[in-house]
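Observations on the model geometry
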Amino acid sequence: MSILDGVNTPKDIKKMNIDELNELCADIRKILISTVSENGGHLASNLGVVELTVALHKVFNSPADQIVFDVGHQCYTHKILTGRKKDFSTLRTEGGISGFTRPDESEHDIFSSGHSSTSISAAAGLAKAKQLKGDKGKVIAVIGDGALTGGLAYEALNNCCDDNSNLIVILNDNNMSISKNVGTMAKNLTTIRTSPRYVTFKSRIQRGLAKIPKIGAQISRTFTLLNAQLRKKIYHSTFFENLGFRYYGPIDGHDIDALIDVLKVAKAHTHSVFIHINTVKGKGYNPAEKNPTQFHGIGRFNINTGEPKSSGKNFSSSFGETMCGFAENDSRICCVTAAMAEGTGLCEFSKKFPKRFFDVGIAEQHAVTFSSGLAKNGMVPVFAVYSTFLQRSYDQLIHDVSMQKLKVVFAVDRAGFVGEDGESHQGIYDTAFLNSVIGLTVFAPSYYAELEAMLYEGIYKVHGAVAVRYPRGNERYKPENYEYKHEPYYILGSTNAENCIVTYGRLFSECAKAYESLENTFVIKLNRIKPIDENIFDSLWESKKIFFFEEGIKSGGVGEVFASMLAEKGITAHFKHVAVNDEFVKQASVDRQLSRYKLDCDSVIEEVKNA
């Protein structure tokens, strides 16, 4: 029987000693590795914060003390300790627990987080609300894993110290965000400052000084000022102290005894506190420690070797190969990514063309405007970004690219359903917001060869900014003899048929399979979804029913634009738009998501036959 068997709530660890807590951490690592090897997920970052999470729940009282994780993918240990241990095997599965913090899943999940750099802003607001209501509970923001490269984090740091005495910010520095430790002197000083004896001694001295008649208060203030000046002399980094925090660090993030000490000090503080801890990403699992980037977000893998259970070509790797080929022949080609070199398939490009590869960190807004600057001075920047993260740079798309009439190419990865990552990561919104960007051309390839051809068109044939959006994973069914001929649309079947199916991207495979089982039906595949070619509508005058299947949000999507154009042309056929209607898409496999939203082959057949 493991020590973890007796832990069902945070209260169960309150009386554990250090040896028991270390044993608990070892047990948690086993369940993390075992579960993620079967379900996929964010392994390396979670292995790095096991001791920190255990120490947080040892010292604080969740949910009265509120813990905000940034990014929410660091929360697996937190979930195990807060009543979800029995359900942890369902992690990231349909109907199971989420791979991110979810307030509707547990009262201990304070703030939903799937995107980076939000924790300090959210925690500052939570802390201020507690102050206004007279609530004495603490709010703890756990940031790291690259999140401190995002500008929102610095906006929050600049605004959250004004009388926010119940706020604690913990930087989990796993060498994925900021520089190395600030020096031996600082380490030793931190060890002294967080020891219980020192804290008790210091508080007694200050209280004693304050009691001296007439001059006590002045002496106490002078003591505090000298103390602050001494810290600034000894610490090489005073950035956080200059912002108003009481800084403690660096702390060994795997020394649970030291973590408990510093958290107790922070809990007793009457100022906002910044704690800097050093952790090893992937701690306790050798393959993840050796290759933390690969194990940041990973699918199912062999637990003994660390080898992924599925690999091979996919849209991301195809994109990377294509860009290497283009860059060989064109010295203007640059690739930009926001901390997603591996995920977007650009690792090989970064090795072959290091001077033309730019990883700007988790800073999508900067990436877009930086790309605009590259374009303005004659380069051809290609910004590779997940659809869900492109949302963060909408203003820059309009103001810095479209309005400037610059040639920036957006390679929009993970377009459409993404599967088990759930609501925060679905790529279903980009078509709607890209529709509003003036002068932008948007392509939607269904196959690897199309991806290469459309990128070529976007770079060399189209004037102005271009987006090429493509799905996660592998290409699907392709009709026999299908070939992309650089046309804005493709027609499968005879336009004399009464039923017309219109679609684009991955769904063409589902609709093409459905076509083979349907009578009196043809399919229009949109290769370019913005602007839609008006010649398409010449093929629709004989149609009685038009069905538009879209793997995206219905409101503002391509189907709505298509319907508007039908009305303007005076085409009166019955129109049905099948898409995601005003809801967030929950975690499940992509196939299940397609089925749930009536976008798979069987659903297309049923929709057309029953109309």
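Our subject in this report is the structure included herewith. Within any chain, residue numbers begin from 1 and follow the written order of that chain's sequence. Note on the predicted model: pLDDT of at least 70 is required for a residue's local features to be given, and 80 or more for side-chain atom pairs to be given and counted; whole-chain, interface and lining totals, by contrast, use all residues. As a convention, hydrogens and water are excluded, and side-chain values are obtained from all of the structure's heavy atoms.

Comments concerning the overall build of the chain
Note the following rule: Helix and strand definitions follow DSSP, with helices as H or I runs of at least four residues and strands as E runs of at least two, each counted in order from the N terminus. Buried, partly exposed and exposed residues are distinguished by accessible area as a fraction of the type maximum, computed with a 1.4 Å probe on protein chains only: under 20%, between the cut-offs, and over 50%, respectively. Here a residue-residue contact requires only that any non-hydrogen atoms of the pair lie within 4.5 Å. Only the protein chains shown count as cover for residues, and the accessible areas themselves come from Shrake-Rupley with a 1.4 Å probe.
What the chain contains, in helices and strands, is 23 helices and 17 strands. In the chain, which comprises 611 residues, the proportion classed as buried is 56%. Taking the contacts inside the chain whose residues are at least 6 apart along the sequence as the reference set, 75% of them involve residues at least 24 apart. Just so you have it, the chain exposes about 25,700 Å², and 50% of that area is on carbon and sulfur atoms.

Overview of the nonpolar core
Soluble globular proteins: nonpolar side chains tend toward being buried together. To keep things clear, this is the line we draw: Grouping buried Ala, Val, Leu, Ile, Met, Phe, Trp, Tyr and Cys residues that are joined through side-chain atoms within 4.5 Å yields what is termed a nonpolar core.
Phe319, Met323, Phe349, Phe417 and Phe549 are the most contacted members of the largest nonpolar core, which totals 58 residues. Contact partners of Phe349, with chain neighbours within four places excluded, come to Met323, Cys324, Ala327, Ile333, Cys334, Cys335, Pro354, Arg356 and Phe357. Residues Val50, Ile97, Ile140 and Ile251 belong to the second largest nonpolar core, which totals 52 residues.

Focus on the side chain of Gln426
Applied cut-off: In the analysis that follows, any N or O atom pair within 3.5 Å is treated as a polar contact, provided that within protein one partner can donate a hydrogen and the other can accept it, and provided that, for residues neighboring in sequence, both atoms belong to side chains.
Summarising the element assignment, Gln426 is placed in the loop between strand S9 (409-413) and helix H18 (430-434). Owing to a relative accessible area of 0%, Gln426 belongs among the buried residues under this scheme. Only 2.9 Å separates the side chain of Gln426 from the backbone nitrogen of Val418, close enough to count as a polar contact. Those residues in contact with Gln426 that sit more than four places away from it in its chain are Thr388, Gln391, Gly416, Phe417, Val418, Gly419, Val585, Lys586 and Gln593.

Quick look at the pairing of strand S11 (residues 466-469)
Inclusion rule: Throughout, right-handed denotes a crossover for which the path from the first strand over the helix to the second runs clockwise when the strands point away from the viewer.
Of the two faces of S11, both are covered, the one formed by Val466 and Val468 as well as the one formed by Ala467 and Arg469. For the segment spanning strand S10 (residues 441-443), helix H19 (residues 448-460) and S11, crossover handedness is right-handed.

Brief notes about the pairing of strand S5 (residues 273-278)
Across a regular strand the side chains alternate sides, sitting on one face of the sheet and then on the other. This is how the line gets drawn: Two strands qualify as a pair provided DSSP detects at least 2 bridges between them.
Taking burial as the measure, the six residues of S5 include six buried ones, the bulk of the element. Residues of S5 alternate between two faces, with Val273, Ile275 and Ile277 on one and Phe274, His276 and Asn278 on the opposite face, all of them buried. Relative to S5, strand S3 (residues 167-173) is paired through six bridges, and the arrangement is parallel. Bridge pairing links Ile170 to Ile275 in S5. With five bridges joining them, strand S4 (residues 246-252) and S5 adopt parallel strand pairing. Residue Arg246 lies in a different strand from S5, and its bridge partner there is Val273. A crossover links S4 with its parallel partner S5, the connecting element being helix H11 (residues 256-268), and its sense is right-handed.

Re the environment of Ser165
With respect to the helices, strands and loops of the structure, Ser165 is situated in the loop between helix H6 (151-157) and S3. In this structure Ser165 comes out as partly exposed when scored by relative accessible area, which is 24%. Along the primary structure Ser165 and Thr270 are separated by 105 residues, whereas in three dimensions their C-alpha atoms are 5.1 Å apart. Residues in contact with Ser165, not counting those within four places in the same chain, are Gln131, Lys138, His269, Thr270, His271 and Ser272. Polar side-chain contacts of Ser165 include one of 3.4 Å to the side chain of Gln131.

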